[in-house]
Amino acid sequence: MPGSIVTVLGARPQFVKAATVSRALAAAGLRESIVHTGQHYDSAMSAVFFEELGIPAPTHHLGIGSGSHGAQTGAMLAAIERVLVESRPDAVLVYGDTNSTVAGALAAAKLQVPVAHVEAGLRSFNRRMPEELNRIATDHLSTWLFCPTATSVRNLAAEGIGAAGDRIARQVCEVGDVMFDATRHFGALAAERARVGGSLELEPGSFVLATIHRAENTDDHSRLVRIVEALRRLAEAQRVIWPVHPRTRKQLASGEAGSLGEVEAIDPVGYLDMLWLERHARVVMTDSGGVQKEAFFAGVPCVTVRDETEWVELVESGWNRIAPPDGSCDLAAVVDAATPGDPGFAPYGNGDASRRIAETLADEG
Ligand code: UD1
Ligand code: UDP
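The text that follows walks through the structure, step by step, so that each part is easy to find. As the structure is a computational prediction, the values presented were derived from the model and not from experiment.

**Some remarks on the packing of aromatic side chains**
Alright, step 1. If you walk through the whole model with that rule in mind, you get eleven aromatic pairs.
Alright, step 2. Ring plane angle 35 degrees and centroid distance 4.9 Å describe the contact between F180 and F297, whose orientation is recorded as tilted. Of this pair, F180 sits in helix α7 (residues 178-193) while F297 is found in helix α13 (residues 289-297), placing the two residues 117 residues apart along the sequence. Judged on exposure class, the residue F180 and its partner F297 are both buried.
Alright, step 3. Ring geometry for F296 and W319: centres 5.5 Å apart, planes at 70 degrees, overall edge-to-face. In this pair, F296 sits in helix α13 while W319 sits in the loop between α14 (312-316) and β13 (320-322), placing the two residues 23 residues apart along the sequence. Judged on exposure class, the residue F296 and its partner W319 are both buried.
Alright, step 4. Among the aromatic residues, ring-to-ring pairing joins F180, F296, F297, W311, W319, F345 and Y348 into one connected group.

Written as C-alpha cells, this is what we have:
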C-alpha cells in the first residue's frame, strides 16, 4: 500500500519546485494531496504556475493571504493542523524557507507526522532574514532532509543534524536541486511556448533581467533607492526588463524610491516566460534565491544584490558576484562587468533530484 503525503506550499518558488516533485511522487506510487496556504494569491503569483506546469490542483486552499509574520504563520498553523488531523498522512512535505514551510513543518511535527524538507541545509548565517529562521526551525523538525548541495549537508552536520552521534532518527540525503530538474524538464516547453520575447521585441543577449523582492531590500528605503538608481543608469545604455514582485510594486508606487527612467517594469511573468528571459538575458541582477541558480543553469552571469548568499558555490565558481546595495560598490558597474564563470561547473546534481526524493519516501511507505 503506497504511503500518503500531504504537501504544504503557498509561495511562487514552491510551485516551481512542486512541478517536478509532484510528478515524481505520483510515478513512485505515492498518494499526494496539496495544501495551498494562500500565501501568494495573485493570479500571476500562483494560478499561472498550476496552469502552465500541470501541478495537481490543491485539495485544500486555506486562503490565508498576507499579514505580519506571526499573524500569517499562526493562521497557517491552525488551518494546516485541522487538515492533518482529518487526513492523517504518513508524511508532510515542505519546500524551501517561507512562512508556509515552517507552518507546515511545525503543524506536522506537533502531530507526530514525519516531515520531509526539500531544499534542506541552506544557510545565509544572517538571522535578520525571516527565511533563515524558517530554514533552521524546519530543518530541526524534519525527518527527511533532502539537500541540494554538499555545502548544505555540511551546514546541517555543523548543527548536529546527521552528524556522528546524532541521537535523533532522521535521514540527510544529498539529492541535487529540484529547480535544476524543473529547468531541464520545462526548457523545451519554454522555448516553444514563451511569448515574452516576441511581445517585448527583445533581442537575445542584449538585455539586463532584474528581479527584486527581499524584505531587506524593498523595506529599506536607502537600499531600494540604490537599486532603482542602478537599474535606471543601466537602462540608459541597454534594455532592462524588470518583472516586479507585488511586495516591490507596493514600495515603488509612492515614487519615493526615485524615477525608473527607461527601465521596463512589467508584471510578474509565468515560469516559461521567465525561463526564456533568463536564457536570453546578457546578465541577471537579482536578490532571488531561485533566480540566482536559474541564471547559472541558463549560462548567464548573475549579480546578487544582497549582503550574502546561501548558494555559495556559484560565487566560488565565478558565475555569481555579491553586490550589496549599501553604498559599498557601484552596482551598475558590477552588473556591466559581469562575465560567465567556470563552464564545467555542475554542483546541483544530475537533474534527478525529484525522482530520488520520491523513491526515498516510497521506500519508507
Ligand atoms: C515570500 C517569502 C520569501 C520568498 C518569496 C518568493 C516569507 C517570509 N517570505 O516573500 O522567502 O522568497 O515569498 O516570492 O515567507 N503580495 C501580493 N500578492 C501576492 C502575494 C504577496 O500583493 O500574491 C504582497 C502583499 O502586500 C504582501 C507582500 O506582497 O504583504 C509580501 O508577501 P509575503 O508572502 O508575505 O512575502 P514575500 O515578499 O512574497
Ligand atoms: N519567477 C517567475 N516569474 C517572475 C519571477 C520569478 O516565474 O516574474 C520564478 C523564477 O523563475 C523561479 C522562482 O520564480 O523559479 C523564484 O521565485 P522568487 O524569486 O519569488 O523566490 P525565491 O527563489 O527568492 O525564494
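Continuing now.
**Digging into α7**
Alright, step 1. In this model, α7 (16 residues) spans 22 Å end to end at C-alpha, consistent with the 22 Å of a helix rising 1.5 Å per residue.
Alright, step 2. Within α7 the residues assigned to the buried category are V178, M179, F180, D181, A182, T183, F186 and A190.
Alright, step 3. Contacts made by the buried residues of α7 are with α1 (12-27), α2 (47-53), β5 (115-118), α12 (271-280), α13 and α16 (353-364).

**Description of the pattern of salt bridges**
Alright, step 1. Using the criterion set out here, one finds 22 salt bridges in the structure.
Alright, step 2. As a salt-bridge pair, D166 and R170 come within 2.9 Å of each other at their nearest N and O atoms.
Alright, step 3. Between R247 and D219 there is a salt bridge, with the nearest N and O atoms lying 3.1 Å from each other. With R247 in helix α11 (residues 246-253) and D219 in the loop between α9 (215-218) and α10 (221-234), this residue pair connects regions lying 28 residues apart in the sequence.
Alright, step 4. Given a relative accessible area of 33%, R247 falls into the partly exposed group.

**Section: unusual backbone geometry**
Alright, step 1. Unlike most non-glycine residues, Q112 shows phi in positive territory, near 65 degrees.
Alright, step 2. Tracing the backbone shows Q112 in the loop between α4 (99-110) and β5.
Alright, step 3. Notably, E119 is not glycine yet its phi reads approximately 85 degrees, a positive angle.
Alright, step 4. Looking at the element boundaries, E119 is found in the loop between β5 and α5 (130-141).

**Observations regarding the site of ligand 2**
Alright, step 1. Taken together, 18 residues sit near ligand 2, with R214, V269, S288, G290 and E294 positioned nearest.
Alright, step 2. At a separation of 2.7 Å, a nitrogen atom of ligand 2 approaches a polar backbone atom of V269.
Alright, step 3. About the coverage of ligand 2: the protein hides 96% of its 540 Å² of free accessible area.
Alright, step 4. Its residues assigned to classes, the shell around ligand 2 shows nine nonpolar, five polar and four charged.

Conventions and cut-offs
- Residues numbered from 1 in each chain as written.
- Chains lettered and ligands numbered in written order.
- Predicted model: local features only at pLDDT ≥ 70, side-chain atom pairs only at ≥ 80, totals over all residues.
- Heavy atoms only, no water.
- Phe/Tyr/Trp six-rings, centres within 6.5 Å; stacked < 30°, edge-to-face > 60°.
- Helix = DSSP H or I, 4+ residues; strand = E, 2+ residues; numbered from the N terminus.
- Buried < 20%, exposed > 50% of the residue type's maximum accessible area, 1.4 Å probe, protein only.
- Expected span 1.5 Å × (residues − 1).
- Contact = heavy atoms within 4.5 Å.
- Salt bridge = Lys/Arg side-chain N within 4 Å of Asp/Glu carboxyl O.
- Near = heavy atom within 4 Å.
- Polar contact = N/O pair within 3.5 Å; in protein donor to acceptor, adjacent residues only side chain to side chain.
- Areas by Shrake-Rupley, 256 points an atom, 1.4 Å probe, with all protein chains shown as cover.
- Nonpolar A, V, L, I, M, F, W, Y, C, P; charged D, E, K, R; others polar.

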